[in-house]
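These are the residues of each chain, in order.
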Amino acid sequence: MHPFAISACTTSISLTKLVKRVCRTMPLLAVMLVTPVHAAPQGKVDCIAPAQPGGGWDFTCRSVARALQELSMIPAAMQTINVPGASGGVAFSHVQAKRSGDDDLIVAASTATTTQLALGNYPDGDADQVRWVATLGADYGVIAVPADSPYQSLPQLLDALKADPGSVTFSGGDVAGGFDHIKVLMAARKAGVTHIRDIKYLAFDSGSVAISQLLGGHIDAFTGDLSEAKSFVDSGDLRVLAIFAEERLPGNLADIPTAREQGIDVVAPNWRGFYTPAGASQKSYDWWKRTLDELYTSPQWKQIMTQSGLLPFHKSGDDLDRFVDQQITDIREIGSELGMLR
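The shown structure was predicted, so the numbers you read here are calculated from the model rather than taken from an experiment. All residue numbers refer to position in the chain's written sequence, counted from 1. For this predicted model, a pLDDT threshold of at least 70 governs which residues receive local features, and a threshold of 80 or more governs which side-chain atom pairs are given and counted, while totals over whole chains, interfaces and linings are taken from all residues. Hydrogens and waters are ignored; side-chain quantities use all the structure's heavy atoms.

**Some details on the side chain of histidine 181**
Moving on, step 1. For histidine 181, the location among the structural elements is in helix 7 (residues 179-190).
Moving on, step 2. For the exposure calls, accessible area comes from a 1.4 Å probe over protein chains only, and a residue counts as buried if that area is under 20% of its type's maximum, exposed if over 50%, partly exposed in between. Classification of histidine 181 as buried rests on a relative accessible area of 11%. A run of H or I in DSSP becomes a helix once it reaches four residues, and a run of E becomes a strand once it reaches two; helices and strands are each numbered from the N terminus.

Written out as structure tokens, the structure is:
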């Protein structure tokens, strides 16, 4: 007799009982098969933009929401809630006080977030009070000079600062002590410049105004983001001495040397990304990480990056945790030297 037939005969379960047992088991099997490893949101999701509509954090929430919905990567609507104030501090405090365990919440963040945390500008705020999920691009920092500047490389400019920290004046579209200012100080510090407090930095209302002052002959160098400088580089008015990226950028930006390859190990992206509440579930965090990782690789997101001027920069999970910790450490050290810590 066939072995299968013997097995069937030696069981005392009738065909009717077997069918009943299988039917009772099927709902449990269905649940086991359908339940995902990563828990997706069950309804509407809120994305907090820690500023007024129209800024970078608002763009991050709205563009990601639109892409996720168009790609059917999220089960329901994702709405943007603007919570402005204190350079992201009001939103940070709101999450801790009101929504610390909310699985259906994600918050836009950037280098501005880590800068404020590093300097102690969020009352009782600490990077460990949230979970850093993923970045979806960046606008990299640059140091640029007029086309006719005598400085031909970043080391040459930094050598001038070594000889006399006040010999080079920088312009930027950020406040004194903001990230535009700090990335110059980070580079100078790496190069061994002493008395970095003496480095001259003039703050203007925007990067374009800062560049106009530079091209007018009133300033020696510009510190800002590549997106601010690119049109002036394309016109031949501006020359970028270094970009603070991990490696050279692709395409027609590949001619711009990195600070790293010139011996100055500074990476300064103004990244765009998200954090979630620290008390949200692990399954929710895993779902957001996986979903944003997938979004970053999609053609739709690459098109959004191109249209908005974002450049490649993607870290998530533990990799992003390490990057944020290092960025905060670097900024805090500079802030301490300048007496900026609270």
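**Details of the nonpolar core**
Moving on, step 1. Counting 75 residues, the largest nonpolar core has Trp132, Leu157, Leu161, Phe170 and Ile199 as the members making the most contacts within it.
Moving on, step 2. With 8 residues, the single largest contributor to this core is strand 4 (residues 130-146).
Moving on, step 3. Residue contacts follow a heavy-atom distance rule, with two residues in contact if any of their heavy atoms lie within 4.5 Å. What isoleucine 199 contacts, discounting residues up to four positions off in sequence, is Leu161, Pro165, Phe170, Val184, Leu185, Ala188 and Val193.
Moving on, step 4. Only buried Ala, Val, Leu, Ile, Met, Phe, Trp, Tyr and Cys residues count toward a nonpolar core, and they belong to the same one when joined by side-chain atoms within 4.5 Å. Listed in part, the 28 residues of the second largest apolar core include Ala49, Ala65, Ala108 and Trp301.

**Details of empty space enclosed by the protein**
Moving on, step 1. The definitions used throughout rest on a 1 Å grid laid over the protein atoms alone, on which a cavity is an enclosed set of points accommodating a 1.4 Å probe that cannot get out and a pocket is an open set flanked by protein within 12 Å on both sides along at least five of seven lines; lining residues are those having an atom within 4 Å of a point. Grid points are joined across faces, edges and corners, and a volume is the space filled by probe spheres set on the points. The full count for this structure, using the stated rule, is 1 cavity of 30 Å³ or more.
Moving on, step 2. Of the voids in this model, the largest cavity is the one considered here, and its volume is about 30 Å³.
Moving on, step 3. Lining the largest cavity we find Thr60, Val64, Leu136, Arg272, Gly273, Phe274 and Trp301.
Moving on, step 4. If you list the elements that add at least two residues to the lining of the largest cavity, you get helix 3 (56-70) and strand 9 (269-277).
Moving on, step 5. Per-element accounting of the lining of the largest cavity gives the leading share, 3 residues, to strand 9.
Moving on, step 6. Throughout, the ten residues Ala, Val, Leu, Ile, Met, Phe, Trp, Tyr, Cys and Pro are labelled nonpolar, Asp, Glu, Lys and Arg are labelled charged, and all others, Gly among them, are labelled polar. Tallied by class, residues from the lining of the largest cavity come to 4 nonpolar, 2 polar and 1 charged.

**A short note on the pattern of salt bridges**
Moving on, step 1. Should a side-chain nitrogen of Lys or Arg be within 4 Å of a carboxyl oxygen of Asp or Glu, the pair is scored as a salt bridge. Using the criterion set out here, one finds 16 salt bridges in the structure.
Moving on, step 2. One salt bridge in this structure joins arginine 99 and aspartate 46, with 2.9 Å as the shortest N-O distance. Remark: aspartate 46 occurs in strand 1 (residues 45-49) and arginine 99 occurs in the loop between helix 4 (89-98) and strand 3 (105-110); sequence separation between them is 53 residues. In this pair, the class of arginine 99 matches that of aspartate 46, namely buried.
Moving on, step 3. A salt bridge links glutamate 246 to lysine 315; the shortest N-O distance between them is 3.4 Å. Taken together, the residues glutamate 246 in the loop between strand 8 (238-243) and strand 9 and lysine 315 in the loop between helix 11 (299-308) and helix 12 (317-337) connect sequence positions 69 residues apart.

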